[in-house]
Amino acid sequence: MSELPLRAQLASALGKGAASLSRAARRGDGSVIGGRVALKVEPGLLGKLSRGRRLTLVSATNGKTTTTRLIASALRELGDIATNEHGANMPTGHITALAAKPEARNGVLETDEKYLPQVLEATSPAVVVLMNLSRDQMDRASEINLLAKKWRESLQKSEAHVVANADDPLVAWAGLGARHATWVSAGQRWKEDSWCCPDCGGHLKREPEPHWECPECGLARPEATWSVDNDADVVITPDGQRMKLDLGLPGGANRANAAIAMATAVTYGIHPKQSLPRLREIRSVAGRYTSVVTNGVEVRLLLAKNPAGWLESFAVLGPPRIPVILAVNAQIPDGKDTSWLWDVDYSVLGDRRVFVMGERRTDLALRLETDGVAFDVGDDVAGVVTRIKAEQPEITKVDVIANYTAFQQIRAAYGRVQ
Amino acid sequence: MSDDSSVLRIVWIYPDLLSTYGDQGNALILRRRAEQRGIRTEVVYVYSSDPVPVEGDIYLLGGGEDRPQNLAAERLRSDGGLKRATERGAAVLAVCAGYQIIGESFGDDDDNPLPGVGILDIRSGRGETRAVGEIVAEVAPEVGGGTITGFENHQGRTALGPSARPLSRTLLGIGNDGSTEGAYQGNVLGTYLHGPALPRNPALADLLLSIRVGQLDPLPASWGERLHEERIAAVM
Ligand SMILES: [Zn+2]
């Protein structure tokens, strides 16, 4: 990396300085501010920092932070890597991540959906991982059909190998723009955004699961070489081998994320037998799935930012005797529009104790009332747990599902747990 | 759809094309507020590949992106069921993109006018800027008065013809043009309050129900009324 032009070296050093300053000033983890300073000095820096490396970009509406972490863990088999593990997923965050590891030959970068085309062009990655697209923060995000179209167009101009979810029609259509692809049957629990053909608008035929095809233009699900058997907790590799997953992360979405990580690792020459044990070691990702103990109760934190995320979270809840706390805010990072609450079916919570909290708990309260789900209102996790403990001393575990800023507030209250 | 005439039939038009963000909420709230009063209901989902039944009581149309919106307008026009249902006295609530397509015309991506279903005397085009944010408006006294609250997210600007009346006067946000919000004509109602417009406005839900079932018993105030007050207080 020493052949990096002087200006780029300077910018990279400046960026690192700013990142340490930001950390020292406790303004955050430093990943964004460092990159921002560096970008001002050298606009072509992202491309320069990427040169000579084998990079993977990871994008999706949900699960990109977790999958980036899984892939990073698998790639460490080959030595040090560059990665934006704090979730700073725009170009400034990418610059900080790459500048921090000038010697790392390999890297994996979580990439914001909107920035994917731009980052793809700047970094010429070896691999692009695409998992799912669904409605998310509509007051500030792009329409997802438009996003998929931009993904597809930028992949048509790229040499990158795509590892993508064949079961999500929008993602598959985007991925079919690439010259080389590995298709993973990663499933799609939330289907409300893929009734229509991404290519012609026709009504998609969606059975038998996971098959889909458009009767009007013929677009169809690409044949997947990787798949997951959720009931057996098994991943099935392209040569038909069934490998027991036994992950530290819960749920079907994470089995799919693991399959995608293993398929990505194979493009780096890492055999599933080498990558899988590394994936198993991960038990939480930036506070997601982690547990904190308060008042003798183990409180597990689940992050869910949109309808598809809430559906996945419901699927990993503990048995009905375990109460659940739902927390919703509507700050700018959450989207100021809470309409999406009405896209989620809450009746599955009817058999457990439910609490609502957060700035928009009244929206949640009306939503639950409408689905006939009984609930109580709380102010914070500690208060709710104290109340549960007083009324049901036998309870030892509680699940929390929160959207972005609500999640970060809870996490901060317990010391920014990882 | 059942042929039992004592059942209130709520018809959700094209959930595959016109459902961007919580549009289902309107059907859920109508059903709940009817059933709380002992009125039996049936919610019928009509996909764009199906014919639109004419025997429904309340028809709901949601929001949609540009291409699905054009497709929905085209299919509704050639199907004809929605228009016939309104001629038989059915009530309609159309929000956002759905509001535009039940009018005489609306703008495509390049703002060329496309023909609408023609059950509401409005014409919509594209504005200079996108209207995104909370909206509060004062409802016309002839349709019950009071205040409505919601969230708008659209680039449309809508002009009313002589047969349509403004649903409300805008206090915050843009609505049709910055001064009025929504429109009504007979039993047909349209609004830029997108997605779940009825959950935040229980009185508007009851207005739609009363078109088909007549005078309603009042319900005790609950979370819907509280949310209504809370949202207005938060933004005004
Ligand atoms: Zn097609």
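Being a predicted model, the structure only gives us computed values, none of them experimental.

Below, the discussion takes up the interface of chain B and chain A. Facing the 34 residues of chain B at the interface are 34 residues of chain A. Here chain B and chain A share an interface that buries about 3,000 Å² over both sides, 53% of which is from carbon and sulfur atoms. Together, Y21(B), E65(B) and W223(B) form the three largest contributors to the area buried by chain B at its contact with chain A, with a combined 26%. Taken together, the links from chain B to chain A amount to 0 salt bridges.

Turning our attention to the UniProt feature "binding site: Zn(2+)" (unreviewed entry) in chain A. Per the UniProt record, "binding site: Zn(2+)" (unreviewed entry) is found at C197(A), C200(A), C214(A) and C217(A). Taking the farthest pair of C-alpha atoms as the criterion, the annotated set spanning 21 residues converges on one region, since that pair is 8.5 Å apart. The contact partners of C197(A), leaving out residues within four places of it in the chain, are G202(A), L204(A), C214(A), C217(A), L219(A) and R67(B). Note on placement: C217(A) falls in the loop between β6 (180–185) and β7 (226–229). When sequence neighbours within four positions are dropped, the list of residues in contact with C217(A) reads C197(A), D199(A) and C200(A).

A separate point is the coordination of the zinc ion. Around a metal, the ideal angle is 109.5 degrees if four donors adopt a tetrahedral arrangement and 90 or 180 degrees if six donors adopt an octahedral arrangement. Residues and elements named next belong to chain A. Taken together, C197 (SG), C200 (SG), C214 (SG) and C217 (SG) make up the full set of protein donors to the zinc ion, lying 2.3 Å away. Coordination at the zinc ion is tetrahedral, judged from the 4 donor atoms that bind it and the angles of 100 to 117° they form at the metal. One chain supplies every donor to the zinc ion, and in sequence these donors are spaced C-x2-C-x13-C-x2-C. Taken together, the positions of C200 in the loop between β6 and β7 and C214 in the loop between β6 and β7 put the pair 14 residues apart, joining distant regions of the chain.

The next thing to look at is the sheet that holds β6(A). All names here are of chain A. Taken together, 9 strands build an open sheet; the order of strands is β2-β3-β1-β4-β5-β6-β7-β8-β9 and the sheet is mixed. Each having just a single partner strand, β2 (81–83) and β9 (242–244) make up the two edges of the open sheet. When strand polarity is set aside, the average angle formed by the axes of neighbouring strands in this sheet is 15°. With 3 bridges joining them, β2 and strand β3 (residues 106–110) adopt parallel strand pairing. The residue bridging A82 from the neighbouring strand is G107, located in β3. Contacting β1 (54–59) and β4 (127–130), helix α6 (residues 116–123) crosses the sheet at an angle of about 175° to β1. Each of β7 and β9 is contacted by helix α10 (residues 272–280), which is oriented at about 25° to β9, the strand it contacts most.

What counts, and where the lines are drawn
- Residues numbered from 1 in each chain as written.
- Chains lettered and ligands numbered in written order.
- Predicted model: local features only at pLDDT ≥ 70, side-chain atom pairs only at ≥ 80, totals over all residues.
- Heavy atoms only, no water.
- Contact = heavy atoms within 4.5 Å.
- Buried area = accessible area lost by both parts, 1.4 Å probe.
- Salt bridge = Lys/Arg side-chain N within 4 Å of Asp/Glu carboxyl O.
- UniProt positions renumbered as here; feature names shortened; annotations may be inferred.
- Helix = DSSP H or I, 4+ residues; strand = E, 2+ residues; numbered from the N terminus.
- Donors = N, O, S within 2.8 Å, 3.2 Å for Na, K, Ca; no water.
- Tetrahedral: all angles 85-135°; square planar, octahedral: opposite > 155°, others 65-115°.
- Pairing = 2+ DSSP bridges.
- Axes fitted to C-alpha atoms, helices over the stretch in contact; angles between N-to-C directions.

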